[in-house]
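# Summary of the model geometry
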Amino acid sequence: MAETKVPAHIIVIGNEKGGTGKSTIAMHLAIKLLNEGFSVATMDFDGRQGSLSKYIQNRKNFCADNNLHLGIPEHYVVKPTNDYNRIPEDLNRIHDLILDIKSRYDAIIIDTPGSKNYLFEAAHQYADTLITPMTDSLIDLGAIADIDIANNRIKSPGHYADFVWETKKFLAAHGKNYLNWIVCGNKISATRSRNKEFIFEQLEKIGKTYGFRFCSGLKDRVIYRELFLEGLTVLDMNLSGLNRRMTTSHLAAKIEIKNLAEFICP
Ligand SMILES: Nc1ncnc2c1ncn2[C@@H]1O[C@H](COP(=O)(O)OP(=O)(O)OP(=O)(O)O)[C@@H](O)[C@H]1O
Ligand SMILES: [Mg+2]
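Procedures and definitions
- Residues numbered from 1 in each chain as written.
- Chains lettered and ligands numbered in written order.
- Predicted model: local features only at pLDDT ≥ 70, side-chain atom pairs only at ≥ 80, totals over all residues.
- Heavy atoms only, no water.
- Near = heavy atom within 4 Å.
- Polar contact = N/O pair within 3.5 Å; in protein donor to acceptor, adjacent residues only side chain to side chain.
- 1 Å grid on protein atoms, 1.4 Å probe; cavity = no way out; pocket = protein on both sides within 12 Å on 5 of 7 lines; lining within 4 Å.
- Sits in = over half its atoms within 2 Å of the grid points.
- Helix = DSSP H or I, 4+ residues; strand = E, 2+ residues; numbered from the N terminus.
- Nonpolar A, V, L, I, M, F, W, Y, C, P; charged D, E, K, R; others polar.
- Salt bridge = Lys/Arg side-chain N within 4 Å of Asp/Glu carboxyl O.
- Buried < 20%, exposed > 50% of the residue type's maximum accessible area, 1.4 Å probe, protein only.
- Pairing = 2+ DSSP bridges.
- Axes fitted to C-alpha atoms, helices over the stretch in contact; angles between N-to-C directions.
- Contact = heavy atoms within 4.5 Å.
- Expected span 1.5 Å × (residues − 1).
- Arc of directions from axis to C-beta.
- Core = buried A, V, L, I, M, F, W, Y, C linked by side-chain atoms within 4.5 Å.
- Points joined across faces, edges and corners; volume = space filled by probe spheres on them.
- Phe/Tyr/Trp six-rings, centres within 6.5 Å; stacked < 30°, edge-to-face > 60°.

### Things to note about the site of ligand 1
Residues in contact with ligand 1 amount to 17 residues; listed here are only the nearest, Lys22, Ser23, Thr24, Asn186 and Lys219. A distance of 2.9 Å separates a nitrogen atom of ligand 1 from a polar backbone atom of Arg221. Assessed atom by atom at 2 Å from the grid points, ligand 1 resides in the largest pocket. Those elements that provide at least two residues to the shell around ligand 1 are helix H1 (22–35) and helix H8 (222–227). Here the residues of the shell around ligand 1 are counted per class, giving one nonpolar, nine polar and seven charged.

### Re the pattern of salt bridges
A full pass over the atoms with the stated rule returns 15 salt bridges. Close ionic contact of Asp140 with Lys17 constitutes a salt bridge, the shortest N to O distance being 3.5 Å. Here Asp140 is found in helix H5 (residues 138–144), whereas its partner Lys17 is found in the loop between strand S1 (9–13) and H1, with 123 residues between them in sequence. Judged by its relative accessible area of 3%, Asp140 falls in the buried class. Owing to a relative accessible area of 23%, Lys17 belongs among the partly exposed residues under this scheme. Two residues, Glu166 and Lys169, come together in a salt bridge whose shortest N-O distance is 3.4 Å. Taken as a pair, Glu166 and Lys169 lie in helix H6 (residues 159–173) at a separation of three residues, close to a single helical turn.

### Notes on the sheet that holds strand S2 (residues 40–44)
Sheet architecture is open: seven strands sit in the order S3-S2-S4-S1-S5-S8-S9, paired in parallel fashion. Strands at the two margins of the open sheet, each flanked by one partner only, are strand S3 (74–77) and strand S9 (213–215). Neighbour-to-neighbour, the strand axes of this sheet turn through a mean angle of 20 degrees, independent of strand direction. Examined bridge by bridge, strand S8 (residues 180–185) and S9 share three bridges and lie parallel to one another. Considered in S9, the bridge of Ile182 is made with Arg213. In the packing of H1 onto the sheet, contacts are made with S1, S2, strand S4 (107–111), strand S5 (129–134) and S8, and the angle to S4 comes to roughly 165 degrees.

### So, helix H9 (residues 248–264)
Under the 1.5 Å per step criterion, the end-to-end length of H9 is 25 Å for 17 residues, consistent within 8% with the ideal 24 Å. Within the span of H9, buried status applies to His250, Ala253, Glu256, Ile257, Leu260, Ala261 and Ile264. In a view along the axis of H9, the buried residues occupy a sector of 135 degrees, so they form one face of it. For H9, the elements touching its buried residues are S1, H1, S5, S8, S9 and H8.

### A few points about the pairing of strand S7 (residues 153–157)
Pairing analysis gives four bridges linking strand S6 (residues 145–148) to S7, with the strands arranged antiparallel. Note that in S7 the partner of Ala145 across the bridge is Pro157. Following S6, the chain reverses through four residues before pairing antiparallel with S7; Asn152 in that reversal takes a positive phi of roughly 50 degrees.

### Comments concerning the nonpolar core
Judged by nonpolar contacts, the single largest core of 43 residues is most densely connected at Ile144, Trp181 and Leu203. Apart from the residues lying within four places of it in its own chain, the contact partners of Leu203 are Met134, Leu141, Ile144, Val183, Phe212 and Phe214. In terms of nonpolar packing, the next biggest core, distinct from the first, is built from 37 residues, Met27, Ile109, Ile223 and Val234 among them.

### Observations regarding the layout of surface pockets
A volume near 490 Å³ is recorded for the largest pocket. Around the largest pocket, the lining is made up of 24 residues, and of these Gly19, Gly21, Lys22, Thr24 and Lys187 lie nearest the centre. Listed by contribution, the elements that provide at least two residues to the lining of the largest pocket are H1, helix H2 (51–66) and H8. With four residues, H1 is the largest single contributor of residues to the lining of the largest pocket. Class assignment of the residues belonging to the lining of the largest pocket gives a composition of six nonpolar, 11 polar and seven charged.

### Quick look at H1
When the terminal C-alpha atoms of H1 are compared, their 20 Å separation across 14 residues agrees well with the 20 Å that a helix rising 1.5 Å per residue should span. Taken across its 14 residues, H1 has 11 buried, putting it largely inside the fold. Note on H1: the residue one or two positions beyond its end, Gly37, has a positive phi of about 95 degrees.

### What about the packing of aromatic side chains?
Taken as a whole and assessed by the stated rule, the structure comprises seven aromatic pairs. For the ring pair Tyr55 and Phe228, a centre distance of 5.1 Å and an interplane angle of 70 degrees mean the geometry is edge-to-face. With Tyr55 in helix H2 and Phe228 in the loop between H8 and H9, this pair connects stretches of sequence that are 173 residues apart. Note on Tyr55: relative accessible area 2%, which makes it buried. The exposure class assigned to Phe228 is partly exposed, which follows from its relative accessible area of 27%. On the numbers, 6.2 Å between centres and 70 degrees between planes, the contact of Phe120 with Tyr160 is edge-to-face.

What follows is the structure, given as structure tokens:
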């Protein structure tokens, strides 16, 4: 009898805040999972901006130009329709596409835009795991929680935490009672600061109530900005044929990605 494949685990990278590192983390997780032998599909639900799509295309070009065979996920671009009347039809098309991909891969990684639209909302509804990168800035914290800084007190959930709560209710109504939500630091300054400590403390404190686990995540490293053009990740640095010098910063970055990947499946 033919073996039935376990449906893909869907990891959505989302935050209602631009520039926090969603596409960078999506790419790094995809390569990490590929390196571990999983079959991986990536989906760019931010198809209009297309950062993840460009990252993957850059990797394809770099491999072709240098005769290299690096792991590349199977990639799908999803662009929003400009015709409001066609949104239901578009959502049906996306649903069929996800069902098909889900049956063929071990993992699907979905990158989302930094602000809400119907694709952003739909992507979250497919999540088994949701990863929310945020920097150590109080503006980023505002998406998760509204804080009374003077009295060191949390006033209420931020707009994105509210949205995730609504998504959880939607999932529960459709028979899915658990969403593995991880808030993950990114572009975290290397230096000690009261600001950073305050943000980390607040996230540790509210995680249980809001239903996420907090992971200190990735530091601010120039290497992440530089690798995009060649489509490379910190995980590729010591591959033979690349002739890159592995610095201590590369090594530390690689460990951060490994820790994040392990944090997803405790
Ligand atoms: N840990 C990091 N250290 C330094 N730079 C980083 C790090 N993570 C991401 N970046 C850089 O920050 C910028 C924004 O990253 P990215 O495009 O991944 O964010 P995003 O959340 O996907 O943005 P958008 O909301 O516009 O889609 C890019 O230039 C990227 O190279
Ligand atoms: Mg992006």
